[in-house]
Protein chains: 4
Amino acid sequence: MIVVMKTSATEDQLKHLVKHVESLGLKANVLRGTERTVVAAIGDERVIGVTALESIPGVDNVMRVLAPYKLASREAHTETSTIRAGSFEVGGKAIGVIAGPCSVESEEQIVATAKAVKAAGATALRGGAFKPRTSPYSFQGMKEDGLKLLATARDETGLAIVTEVVSPEDVDLVAGYAEVLQIGARNMQNYRLLEACGRADAAVLLKRGPSATMDELLLAAEYILDGGNSRVMLCERGIRTFEAHTRFTLPLASVPYLQQKTHLPVVIDPSHGTGHTYMVSSLAKAAIAAGADGVIVEVHPDPENAKSDGYQTLSCEAFATMMAECRRIAEAVDRTL
Amino acid sequence: MIVVMKTSATEDQLKHLVKHVESLGLKANVLRGTERTVVAAIGDERVIGVTALESIPGVDNVMRVLAPYKLASREAHTETSTIRAGSFEVGGKAIGVIAGPCSVESEEQIVATAKAVKAAGATALRGGAFKPRTSPYSFQGMKEDGLKLLATARDETGLAIVTEVVSPEDVDLVAGYAEVLQIGARNMQNYRLLEACGRADAAVLLKRGPSATMDELLLAAEYILDGGNSRVMLCERGIRTFEAHTRFTLPLASVPYLQQKTHLPVVIDPSHGTGHTYMVSSLAKAAIAAGADGVIVEVHPDPENAKSDGYQTLSCEAFATMMAECRRIAEAVDRTL
Amino acid sequence: MIVVMKTSATEDQLKHLVKHVESLGLKANVLRGTERTVVAAIGDERVIGVTALESIPGVDNVMRVLAPYKLASREAHTETSTIRAGSFEVGGKAIGVIAGPCSVESEEQIVATAKAVKAAGATALRGGAFKPRTSPYSFQGMKEDGLKLLATARDETGLAIVTEVVSPEDVDLVAGYAEVLQIGARNMQNYRLLEACGRADAAVLLKRGPSATMDELLLAAEYILDGGNSRVMLCERGIRTFEAHTRFTLPLASVPYLQQKTHLPVVIDPSHGTGHTYMVSSLAKAAIAAGADGVIVEVHPDPENAKSDGYQTLSCEAFATMMAECRRIAEAVDRTL
Amino acid sequence: MIVVMKTSATEDQLKHLVKHVESLGLKANVLRGTERTVVAAIGDERVIGVTALESIPGVDNVMRVLAPYKLASREAHTETSTIRAGSFEVGGKAIGVIAGPCSVESEEQIVATAKAVKAAGATALRGGAFKPRTSPYSFQGMKEDGLKLLATARDETGLAIVTEVVSPEDVDLVAGYAEVLQIGARNMQNYRLLEACGRADAAVLLKRGPSATMDELLLAAEYILDGGNSRVMLCERGIRTFEAHTRFTLPLASVPYLQQKTHLPVVIDPSHGTGHTYMVSSLAKAAIAAGADGVIVEVHPDPENAKSDGYQTLSCEAFATMMAECRRIAEAVDRTL
């Protein structure tokens, strides 16, 4: 940790700071520059509460040196982890493809979608049963009935099931039906939920919150890993910016960044990441070209009558076309699809 | 709802759209402009799933006309609601002032803080017992023991208690100790928690998520109101922007905006909203001048040894000075403090 | 234009608004909904000053229906325009590749770079002679001497020259040396400069400002087109967001969005768009996969001794590797490189 | 400057870095931590090109220690500077108030406004003659004719004139008519313009760009100060964020931040900072409560017929009311108005 003192800081303030740093178990190196004095505090800055240093008189600002996460770090584990969950595998040479509707609506809808996306090459089926919705007046999902329909679709196709869990008390129920628990963007910092997923016997797809920094995302993953569940994959689904012509802004630099910092596989969501059907295929291809390990895409047999997210959903035909195009990109980066 | 057609839209696409709009129970008015055709769909756009309209061929974009919330709307309830919870009142002429440490750490700490903030004019005591923390390695709060210490501090001072609840299963426990349940920024869209607070016998302080729009904030409040709990106050605590010299950017235009759109009282948090002790007093004064109904401020007897948030916490003395200054501003806007 | 009235609007306010709309030469359609009255104002909303409508009593908000630009619109010109400037062509099947250093530093440096990037497949050479620098204490560029060195590099390689112009009075000077005038992100709304480039005999590469909306970018292009210069290409180089692990956030959804709205070719800058050397190649590939018409990349023979932007610059060898990878992606989307 | 090495950095990479740092004239202190090695480079990091350090093998990231600006710094000049320009003074006990229309439209309009704002207590008159407009089809200002009308208004009222200059070649012309040259947000990084204003015999009001960091704003001021013009005031007019219910987000934490870092006075623009007439008064009061040295407000005798910015403009009556309210706030913070 680097502590930069104010130019106006007194010797007494400096001494007080050094004493405080040492009381935290860190070693303090005082470096006197031409204009400023800097104190380099050496030791493990993660396990101690250091934020209060900024409130000490004479301190201007404090910079961290170490990444705040450990288990998620690529330093500990230099190869990308391969996560397996039923038919689904992500992190190896093959691109993982999760596809399906925003919401499970009926047996007919989910089974037809499952068959279509499998035929096009998807390796897992997504579908929401517990739906977190912005408005209390919107469709809230079929809940356990939806989970049962997802299980039916798996029985028919063999596809692994990816579905959202919104509350710690539902984790066991959902894990009874699904191979992959999705933690949605709104719940990325719902720590009780993260802890419950850390104890679950299922893989976890952790979506980045729309204003989460990379450190916050990796610390959220750390909660799950720290709970004993090592099967975590990260999902970039777009961030909130001033842009209004897309629902969110999808930053694909997250792919090389995360691949440098963590061993967890990276999945991109071009549906939420753009919010417009006509952009999904372009961004799916871009994600694979950027090196993503997987994609997750919303697909529905009849998008204009979908109960949610129709504006960003592909028809089964459009998804098949997208997959044919993505396969060519995958080959061009020595991956398979 | 206003549907703007593409210039390339065909008559068949227009007919298909009109039929779809009518099938949703809305009346479709077709307006042919010099370059574009617009369809105005009249009726209650809230209760039907309309998002899928954008995926209909020939549609360029869709604009909402009605606010998506009802119970929170100022149209239904033209005066600001006054919320009462023990010693605390907000929404009337008096500015509500909530003060206290980020985390409850010990009886000595919380009681000393309570006495000091009461002496300075605070009308409620804040203190975290269940702490949502970005890192699993940070102090996680004293949990129920912390709630008991808050109750002790109330017994000593008479101040109402404001404390965070992070999970639906804790709502009854926390409501047994506190007059006001705080829903933190990270949980603003934790709908199970909102629903549980909607059934609770306590007031609710709902913090805006750092990337939540105003509609999302008001719809989160709508979940609580719709559950039957009318004692909801909104808290602006800063949004995430590109600015790095503050922890968050505190947008005080939220005050006049919310006062135009909703009857719920508005509380400002200049501590989280800036992230720097030296800025808190300026922004607290600004909030009151802008018309805020209340402020919530972090105060600790010894900020440099606080277990969390020390960098944005006032000492008891600094808080007393801030209150004296705020009192003058309150008088200048015909409020009391 | 759609004008939404407040629920509290009176009949007199409505009449006053209708009269005002008609005085602007638009036709007013009054639509009475269940809760709100909406006035659809039909006609060309571009050429009249309409912003003041929001200040009329009883008006809640105003929504535009028409795009505010005309010449840049894809409605007028349904195919992507191909822009040619010396050896450089962009907008057709071949991906245009502009490469070179941030700043021209010496004849040896610029000629060596030109030869290397040409050998790797670049079709134009970039290099800054007039440098807009954040600090007055930073290297400000070689100015006309730099332009002369660029001309030497063109003579040696045949590559078209792309270089920045920062002031209207320099446009003729720069156009005397360069095939393509670059308008930097900081000058996207320097209207005098746009007007001067509109009269120039050179193609223009217009970079998006870091907080410009798409409408603002297209209206900036409109200034140049309106001046009579039709050879305009747009460059997405990243936007300012809360993300701190990249210099800017590069939104590749700009590619499909712009291709739907305008006929002008779209070039992506993965160097400024990420700010980190190690990310450039991933994002260049992603850009091409997303459908970009060109890329612009910073290359220097010795990045660690570059006078500017070294942290985001590729060595000549790294650029050659990037090009080999990009060529495979181009083929996978039926383009050439 | 602090250079953090990667955990994987080799001894040779460290040696290479140290040599490079020393070749720049800085002293390198190597600090070996438990997990990372850090190199503290001591000396004046401003005058050398240091950005390329990040591209050196083995380097993870580089943190600045010194502020990049000098003349603007409060370290050099510990009291707020008082800027005087005709009737206008800002930086002392009295709050400077600049008011007037977005655009000068006619003699009648500008003289009437000048008289009204003076009567209400304004100390300078604003009015645009050279208008930078987003669309080429919008009203572009009356140019020199507008300047003449401003001079007439000054003759009638004695108010100092604040007006925008958009191009270096106009600086002398505009300075011939106005006491204060305004540099608009779009031109904050138009360095030629900054340099020209640095040589002008007029005060300068420098507006923050909507995505400029504080360092960028202060470095833009540094260009003017470095040119020899010490009469610079800074204007916060809002930043671009995801918020859509305001035109920009107005961050009042800029006031205490700038007052800690610079001696230049700080003026707040609640008109552009909100974009809505009904919010202006609240935010003007908040700005003064936060400690701002001045405010700049758009006022027009007939906002609904203003040629620009009507939606955020106060009528003369509304301005008088605002001033009465602001005067009470000014007194509550021991200032005058």
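Conventions used here
- Residues numbered from 1 in each chain as written.
- Chains lettered and ligands numbered in written order.
- Predicted model: local features only at pLDDT ≥ 70, side-chain atom pairs only at ≥ 80, totals over all residues.
- Heavy atoms only, no water.
- Contact = heavy atoms within 4.5 Å.
- Buried area = accessible area lost by both parts, 1.4 Å probe.
- Salt bridge = Lys/Arg side-chain N within 4 Å of Asp/Glu carboxyl O.
- Polar contact = N/O pair within 3.5 Å; in protein donor to acceptor, adjacent residues only side chain to side chain.
- Helix = DSSP H or I, 4+ residues; strand = E, 2+ residues; numbered from the N terminus.
- Nonpolar A, V, L, I, M, F, W, Y, C, P; charged D, E, K, R; others polar.
- 1 Å grid on protein atoms, 1.4 Å probe; cavity = no way out; pocket = protein on both sides within 12 Å on 5 of 7 lines; lining within 4 Å.
- Points joined across faces, edges and corners; volume = space filled by probe spheres on them.
- Least-squares fit on C-alpha atoms with pLDDT ≥ 70 in both.
- Domains from an automatic or database assignment.
- Phe/Tyr/Trp six-rings, centres within 6.5 Å; stacked < 30°, edge-to-face > 60°.
- Lys NZ or Arg CZ within 6 Å of the ring centre and 35° of its normal.

The name given to chain A in an unreviewed UniProt entry is Phospho-2-dehydro-3-deoxyheptonate aldolase, and the organism recorded there is Botrimarina colliarenosi.

Caption draft 1: Geometry of the interface of chain B and chain C. The partner chain C presents 28 residues to the 28 residues of chain B that form the contact. The junction of chain B with chain C conceals about 2,200 Å² of combined surface from both sides, 61% of it contributed by carbon and sulfur atoms. Counting the contacts that link chain B with chain C gives four salt bridges. One salt bridge connects E75 of chain C with R36 of chain B, and the closest N-O pair in it is separated by 3.0 Å. On the surface where chain B and chain C come into contact, there are four residue pairs in polar contact (both at pLDDT 80 or more). Of all the secondary structure elements, the ones that give two or more residues to the side of chain B that touches chain C are β1 (2–5), β2 (27–32), β3 (37–42), β4 (59–63) and α7 (254–261) of chain B. Classifying every residue of the side of chain B that touches chain C by side-chain character gives 10 nonpolar, seven polar and 11 charged.

Caption draft 2: Looking closely at the layout of surface pockets. Considering only enclosed or pocket space, the second largest pocket measures out at about 260 Å³ in volume. Lining of the second largest pocket is provided by 13 residues; of these, T7 and R36 of chain B together with E75, Q260 and K261 of chain C occupy positions nearest its centre. Of the residues in the lining of the second largest pocket, the class split is two nonpolar, five polar and six charged.

Caption draft 3: Region of the structure containing the relation of the copies chain B and chain C. Taken as rigid bodies, chain B and chain C are interconverted by a rotation of 180° and an axial shift of 0.0 Å, the fit giving an RMSD of 0.0 Å. The relationship between the two copies is best expressed as a two-fold rotation axis. Relative to the rotation axis, the C-alpha of F242 of chain B is the closest in chain B, positioned 2.0 Å from it.

Caption draft 4: Inspection of the domain arrangement of chain A at higher detail. Considered domain by domain, chain A is made up of domain 1 (2–63) and domain 2 (83–332). Taking only C-alpha atoms, the centre of domain 1 of chain A and the centre of domain 2 of chain A are 43 Å apart.

Caption draft 5: Spatial organisation of the packing of aromatic side chains. Taken as a whole and judged by the stated rule, the model has four aromatic pairs over all chains. The side chain of R237 of chain A reaches across the aromatic face of F248 of chain A, ending 4.2 Å from its centre.

Caption draft 6: Looking closely at the interface of chain B and chain A. Opposite the 50 residues of chain B that make contact, chain A presents 51 residues. Both sides together, the interface formed by chain B and chain A hides about 4,100 Å², and carbon and sulfur atoms give 49% of it. In terms of surface lost to chain A, no three residues of chain B exceed Y137, R192 and E304 of chain B, which account for 19% of the buried area on that side. Where chain B touches chain A, the interface holds six salt bridges. When the shortest N-O distance is used, the salt bridge between R192 of chain A and E169 of chain B registers 3.7 Å. For the interface between chain B and chain A, the tally reads 23 residue pairs in polar contact (both at pLDDT 80 or more). Sorting the residues of the side of chain B that touches chain A by element identifies α1 (11–23), α5 (191–198) and α6 (214–226) of chain B as the ones contributing at least two each. For the side of chain B that touches chain A, the element with the highest residue contribution is α6 of chain B, accounting for five residues. When its residues are assigned to classes, the side of chain B that touches chain A shows 19 nonpolar, 17 polar and 14 charged.

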